[in-house]
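Fold and geometry: a report
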Amino acid sequence: MSSPILDIKNLQRNIDQVTIIKDITAQVNAGDVVALLGKNGAGKTTLLETVLGFSFPSFGSVDLWGKPATQIDGDIKQRIGFVPQQCELLFGLRGKDHVELFKSYRNSWNQALVDRLILEWLIPMDVPVGKMSIGQQQKLAILLAIAHEPELLVLDEPVASLDPVARRQFLQQLVEIASDANRAIIFSSHIVNDMERISNQVWMLQDGELAYQGGLDELKESIARITIRSANSLPNDLGIENIVRQKIIGKEAVVTIKKWHAELQMQIATKLDAEVFVEYLSLEDIFLELNS
């Protein structure tokens, strides 16, 4: 097996004596599309900044292609694309000036892709960035991050200001990038449905810790919402392990369970002498259940 693109070991990050990232160990390999989920303040942006070498770990290590992230050279930087949460474009320069500037620093550049996306995304290239709408600025930032076809693309809330049509266009482009088995994407967004369409891996941050890391399909199979209907009133303690949330009203209960497996349906039905109906959840519903 080839070496990982990103290798995080026991990462901790402290800011002003507050621990923001707590003992995270994870990897990203070629072909991975990682959905990074977490509520505001969970540590997503801090994690991404540390992963890219903008900040030093307080403990542990972060390696990109086998080298410490804070020590990567120009050749490795050429292999990365990044869209930050806050716009960092130069407001006095026009869109086409940014393209020429970024192109001059890149070893590779897909001009055909750039020309196509400028037309499809309706980016006004003759307008100074400061006079563009926030959505247009965001489109330009994304374009500049993918034009050199990076092997690792890191996106921190890249679609927050895009309208639904622009989001769909952007996701179509991400699908194209994700189809290349030699590339990887880490994607943070509050629009969880968008992430579910393209991701195959999930990192779920809760209070700076990875509450879940693994395959999207495995996550969706491991959490279920069940409805229990009995001829008799149900007890307050259902005697079910790994309950995330439950609501019991008389003879009916709605229960969300993690570490779910199919055999539990019959076991619960037998134990409670009840009918048990199983509903598997979307990634957004899982996120809401685990973070309510």
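This text goes with the structure placed above it.
Okay, so let's go over this structure. (Residues numbered from 1 in each chain as written. Predicted model: local features only at pLDDT ≥ 70, side-chain atom pairs only at ≥ 80, totals over all residues. Heavy atoms only, no water.)

Another aspect to go through is the sheet that holds strand β5 (residues 67-68). If you walk across this open sheet you meet the 4 strands as β2-β1-β4-β5, and the pairing is antiparallel. The open sheet has two free edges, formed respectively by β2 (18-28) and β5, since each of these has just one partner strand. Strand contacts of helix α1 (residues 44-51): β1 (6-15), β2 and β4 (59-64), with the helix running at about 120 degrees to β1, the strand carrying the most contacts. (Pairing = 2+ DSSP bridges. Helix = DSSP H or I, 4+ residues; strand = E, 2+ residues; numbered from the N terminus. Contact = heavy atoms within 4.5 Å. Axes fitted to C-alpha atoms, helices over the stretch in contact; angles between N-to-C directions.)

Along the chain, the position of Glu157 falls in the loop between β7 (152-156) and α6 (164-178). Comment: no salt bridge for buried Glu157; closest opposite-charge side chain is Lys44, at 4.8 Å. Here the side chain of Glu157 touches His190 through a polar contact of 2.8 Å, side chain to side chain. The contact partners of Glu157, leaving out residues within four places of it in the chain, are Lys44, Gln85, Gln138, Ser188, Ser189 and His190. (Buried < 20%, exposed > 50% of the residue type's maximum accessible area, 1.4 Å probe, protein only. Lys, Arg positive; Asp, Glu negative; His and termini not counted. Salt bridge = Lys/Arg side-chain N within 4 Å of Asp/Glu carboxyl O. Polar contact = N/O pair within 3.5 Å; in protein donor to acceptor, adjacent residues only side chain to side chain.)

Inspection of every chain in the model, using the stated rule, returns 1 cavity of 30 Å³ or more. There is about 30 Å³ of room inside the largest cavity. Put simply, the parts of the chain that give the lining of the largest cavity at least two residues each are α5 (134-146) and α6. Classifying every residue of the lining of the largest cavity by side-chain character gives 5 nonpolar, 1 polar and 1 charged. (1 Å grid on protein atoms, 1.4 Å probe; cavity = no way out; pocket = protein on both sides within 12 Å on 5 of 7 lines; lining within 4 Å. Points joined across faces, edges and corners; volume = space filled by probe spheres on them. Nonpolar A, V, L, I, M, F, W, Y, C, P; charged D, E, K, R; others polar.)

On to a nonpolar patch on the surface, then. Taken together, the side chains of Leu90, Leu101 and Tyr105 make up a nonpolar region of the molecular surface, amounting to roughly 310 Å² of accessible area. Checked against the element boundaries, Leu90 lands in the loop between β6 (80-83) and α3 (95-104). Judged by its relative accessible area of 45%, Leu90 falls in the partly exposed class. (Patch = residues over 30% accessible without salt bridge, like charges linked within 9 Å, V, L, I, M, F, W, Y side chains within 5 Å. Areas by Shrake-Rupley, 256 points an atom, 1.4 Å probe, with all protein chains shown as cover.)

For the rest of this paragraph, the subject is the nonpolar core. Counting residues in each nonpolar core, the largest one holds 48 residues, and the members touching the most others are Leu140, Phe170, Leu174 and Phe187. Ranked by residues supplied to this core, first place goes to α5 with 7 residues. Those residues in contact with Phe170 that sit more than four places away from it in its chain are Trp121, Ile142, Leu155, Pro158, Val159, Leu162 and Phe187. If you look at the next biggest cluster of nonpolar residues, it comprises 29 residues, including Ile8, Ile76, Ile186 and Leu210. (Core = buried A, V, L, I, M, F, W, Y, C linked by side-chain atoms within 4.5 Å.)

At 3.6 residues per turn, the α-helix brings residues three or four places apart onto the same side. For helix α9 (residues 263-272), the full list of buried residues reads Leu264, Ile268, Ala269 and Leu272. Seen along its axis, α9 keeps its buried residues to an arc of 130 degrees; they face one direction. Counted as exposed and oriented over 90 degrees from the buried face of α9: Met266 and Thr270. Looking at the buried positions of α9, the neighbouring elements they touch are β11 (223-230), β13 (252-258) and β14 (274-280). Note on α9: the residue one or two positions beyond its end, Asp273, has a positive phi of about 50 degrees. (Arc of directions from axis to C-beta.)

Our focus in this paragraph is the sheet that holds strand β12 (residues 243-249). As a general point, the strands of a sheet are linked pairwise by backbone hydrogen bonds and lie either parallel or antiparallel. The antiparallel open sheet is built from 4 strands, whose spatial order is β12-β13-β11-β14. In the strand order of this sheet, the two ends are held by β12 and β14, each with one partner. Averaged over all neighbouring strand pairs, the angle between strand axes comes to 15 degrees, with direction disregarded. Of the strands in this sheet, β11, β13 and β14 touch α9, which is tilted by about 150 degrees from β14.

The buried count for strand β8 (residues 184-188) comes to 5 of 5 residues, which makes it a mostly enclosed element. Pairing of strand β3 (residues 33-37) with β8 involves 4 bridges; the strand directions are parallel. When the sheet's bridge partners are listed, Leu36 is paired in β8 with Ser188. Relative to β8, β7 runs parallel, the two sharing 5 bridges. Residue Leu152 lies in a different strand from β8, and its bridge partner there is Ala184. You can see the chain leave β7, run along α6 and come back into β8, and the turn it takes is right-handed. (Right-handed = clockwise from strand over helix to strand, strands pointing away.)

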